[in-house]
Amino acid sequence: MVEEVLARFHDYARIRRSRDRVLSARRYSPRDEQQAFDDLHRAITRLRGPAR
């Protein structure tokens, strides 16, 4: 699960970085960024386990 969180964080960070670059190989939309954030959030929630 930790590996999944790290992978999701990496994806989110890559998308955020590309947003700030002028010459980016690929442009990501705000929707792509939100999807990556949501995926990261779900992975963190699963890592934390069931709510108490």
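For the structure itself, consult the block above.
Here is what the cut-offs are and how they apply
Residues numbered from 1 in each chain as written. Predicted model: local features only at pLDDT ≥ 70, side-chain atom pairs only at ≥ 80, totals over all residues. Heavy atoms only, no water. Core = buried A, V, L, I, M, F, W, Y, C linked by side-chain atoms within 4.5 Å. Buried < 20%, exposed > 50% of the residue type's maximum accessible area, 1.4 Å probe, protein only. Contact = heavy atoms within 4.5 Å. Helix = DSSP H or I, 4+ residues; strand = E, 2+ residues; numbered from the N terminus. Salt bridge = Lys/Arg side-chain N within 4 Å of Asp/Glu carboxyl O.

Draft legend 1. Local environment of the nonpolar core. If you look at the biggest cluster of nonpolar residues, it comprises six residues: V5, Y12, I15, A36, L40 and A43. Discounting residues that sit within four places of it in the chain, A36 has contacts with Y12 and I15.

Draft legend 2. Region of interest: the environment of H41. Relative to the helices and strands, H41 resides in helix α2 (residues 30-48). Classification of H41 as partly exposed rests on a relative accessible area of 46%. As for H41 and V5, which are separated by 36 residues in sequence, their C-alpha atoms are 8.6 Å apart.

Draft legend 3. Summary view of the pattern of salt bridges. Under the definition given, this model contains six salt bridges. Two residues, E4 and R8, come together in a salt bridge whose shortest N-O distance is 4.0 Å. Taken together, the positions of E4 and R8, both in helix α1 (residues 2-20) and four residues apart, correspond to about one turn of that helix. Take E4: its relative accessible area is 27%, and that puts it in the partly exposed class. The partly exposed category is assigned to R8, whose relative accessible area is 30%. Note that R8 is salt-bridged to D39, the shortest N-O span being 3.6 Å. Here R8, found in helix α1, pairs with D39, found in helix α2; they are 31 residues apart in sequence, far enough to count as distant. Salt bridges sharing partners connect three or more residues here, namely E4, R8, D39, R42 and R46.

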